[in-house]
Amino acid sequence: MEILEAAKAVFIEKGYEGASMKEIVECSGRSFGGVYLYYSNKEDVFLALLRSQFQEMEANTAVNQTVSAWELLVVFLNEQERRARQVEGGLAPCMFEYFIVGRRDEKRRVLIEERRRAVHNHLLSLIQRGIQQNEFQPSKPIETIVNWLISFLDGVYLESIINGWDNIQLADQFELLQIAIRAVLIPTSLED
């Protein structure tokens, strides 16, 4: 088993704080030296996993020039809903654990900001594209809209982790989000 695949399995099962390098090494089937050649500690392994996940998210949300900005936003939101449904089988609980427990650590703050900036910039570019194409006419400042969406998504992820997605009416919340964001952005192409 690859080191990162093994680490992901261990982190999903044990959480960030509960996982150990010993368990990662054992799960990978490699020697301690074989793992420490690439990663010096548990945090290095975890950061490599997070970065690979962030890169995967960027690739999955690459801007498609052939569809409308509204359609791209809906695809993005549908992907976020899918991810929220799969929090138990993914790294999201570990990521939030890592960020919340270590929020005062300067090194972790940098990663928290990188994550937020990546999501922020993606949403900002989607909305700006809609404005440039005369699809959107926001009734609120763009920064406010982007920050609202990020806060909503982080809240939904946390609620899904803590209470289970089926207990928080996830589908209804995302349906309501689409109605609200449409009203705020006023996508004129949908009114025709």
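Above this text sits the structure in question.
What you are looking at is a predicted structure, and each value in this text was computed from that prediction instead of being measured.

> How do you make sense of the pattern of salt bridges when you look at a structure like this?
For the structure shown, the criterion picks out 10 salt bridges. Here Glu 79 and Arg 82 are joined by a salt bridge, their closest N and O atoms 2.5 Å apart. Linking Glu 79 with Arg 82, this pair stays in helix α5 (residues 69–85), spanning 3 residues, or about one helical turn. Ionic contacts of the salt-bridge type, sharing partners, join the residues Glu 43, Lys 107 and Arg 108 into one network.

> Quick question: what am I supposed to make of the packing of aromatic side chains here?
The description of two aromatic rings rests on the distance between their centres and on the angle between their planes. All chains considered together, the criterion is met by 10 aromatic pairs. Ring centres 4.9 Å apart and planes at 75° place the aromatic pair Tyr 16 and Tyr 98 in the edge-to-face group. You can see Tyr 16 sitting in the loop between α1 (3–14) and α2 (21–28) and its partner Tyr 98 sitting in helix α6 (residues 92–101), a full 82 residues away along the chain. When sorted by exposure, Tyr 16 lands in the same class as Tyr 98, which is buried. A connected cluster of aromatic rings, assembled from ring pairs, spans Phe 11, Tyr 16, Phe 46, Tyr 98 and Phe 99. Positioned above the aromatic ring of Tyr 16, the side-chain terminus of Lys 42 is 4.4 Å from the ring centre. The ring of Tyr 98 has Arg 108 sitting right over it, with the charged end atom 4.0 Å from the ring centre.

> So what exactly am I meant to see when it comes to the side chain of Lys 42 here?
Along the chain, the position of Lys 42 falls in helix α4 (residues 42–60). In this structure the side chain of Lys 42 is engaged in a polar contact, spanning 3.1 Å, whose partner is the backbone oxygen of Ala 19. Excluding its chain neighbours within four sequence positions, the residues that come into contact with Lys 42 are Phe 11, Tyr 16, Glu 17, Ala 19, Ser 20 and Met 21.

> Could you clarify how one ought to interpret the side chain of Arg 115 in this entry?
With respect to the helices and strands, the residue Arg 115 is situated in helix α7 (residues 106–132). Assessed through its relative accessible area of 15%, Arg 115 is described here as buried. Of the polar contacts made by the side chain of Arg 115, one reaches the side chain of Asp 154; its length is 2.6 Å. Among all residues touching Arg 115, those that are not within four sequence positions of it are Phe 54, Met 95, Phe 96, Phe 99 and Asp 154.

> What is the right way to look at helix α9 (residues 170–185) in this model?
Since the α-helix packs 3.6 residues into each turn, any two residues three or four apart lie on the same face. Helix length check: α9, at 16 residues, gives a terminal C-alpha distance of 22 Å against a target of 22 Å (1.5 Å per residue), a fit within 8%. Among the residues of α9, Leu 170, Phe 174, Leu 177, Ile 181, Val 184 and Leu 185 are the ones counted as buried. Projected onto a plane normal to the axis of α9, the buried residues spread over an arc of 85° and lie on a single side. Turned more than 90 degrees off the buried face of α9, the exposed positions are Leu 176, Ile 179 and Ala 183. Downstream of α9 by one or two residues, Ile 186 has phi in the positive range, about 50°.

> What should I look at first to understand unusual backbone geometry in this one?
Trans is the prevailing form of peptide bonds, just as negative phi is the prevailing case for residues other than glycine. Phi at Asn 134 is positive, roughly 60°, even though this residue is not glycine. By secondary structure assignment, the location of Asn 134 is in the loop between α7 and α8 (142–163). Using a relative accessible area of 58% as the deciding quantity, one classes Asn 134 as exposed. Despite not being glycine, Gln 169 has its phi angle at roughly 55°, a positive value. Look at Gln 169 and you get exposed, because its relative accessible area is 53%.

What counts, and at which threshold
Just so you know, the residues in each chain are numbered from 1, in the order the chain's sequence is written. Residue-level local features of this predicted model are given only where pLDDT is at least 70; pairs of side-chain atoms are given and counted only at 80 or more, and the full residue set underlies all totals for whole chains, interfaces and linings. To obtain the side-chain values, all non-hydrogen atoms of the structure were included, while hydrogens and water were left out. A carboxyl oxygen of Asp or Glu within 4 Å of a side-chain nitrogen of Lys or Arg is what we treat as a salt bridge. To qualify as a helix, a DSSP run of H or I must reach at least 4 residues; to qualify as a strand, a run of E must reach at least 2; elements of each kind are numbered from the N terminus. Here a Phe, Tyr or Trp ring, Trp counted by its six-membered ring, pairs with any other such ring whose centre lies within 6.5 Å, and the pair is stacked when the planes are under 30 degrees apart, edge-to-face when over 60, and tilted otherwise. Relative accessibility decides the category of a residue: with a 1.4 Å probe and only protein chains considered, values under 20% of the type maximum give buried, values over 50% give exposed, and everything between is partly exposed. Remark: a charge is flagged as sitting over a ring if the NZ atom of Lys or the CZ atom of Arg is within 6 Å of the ring centre and within 35 degrees of the ring normal. Definition of a polar contact: a pair of N or O atoms within 3.5 Å, with one able to donate and the other able to accept a hydrogen when the atoms are protein atoms, and with sequence-neighbouring residues admitted only if both atoms are side-chain atoms. A contact between two residues is defined here by any heavy atoms of the two lying within 4.5 Å. To estimate how far a helix should extend, the number of its residues minus one is multiplied by 1.5 Å. It is the directions from the helix axis to the C-beta atoms that the arc portrays.

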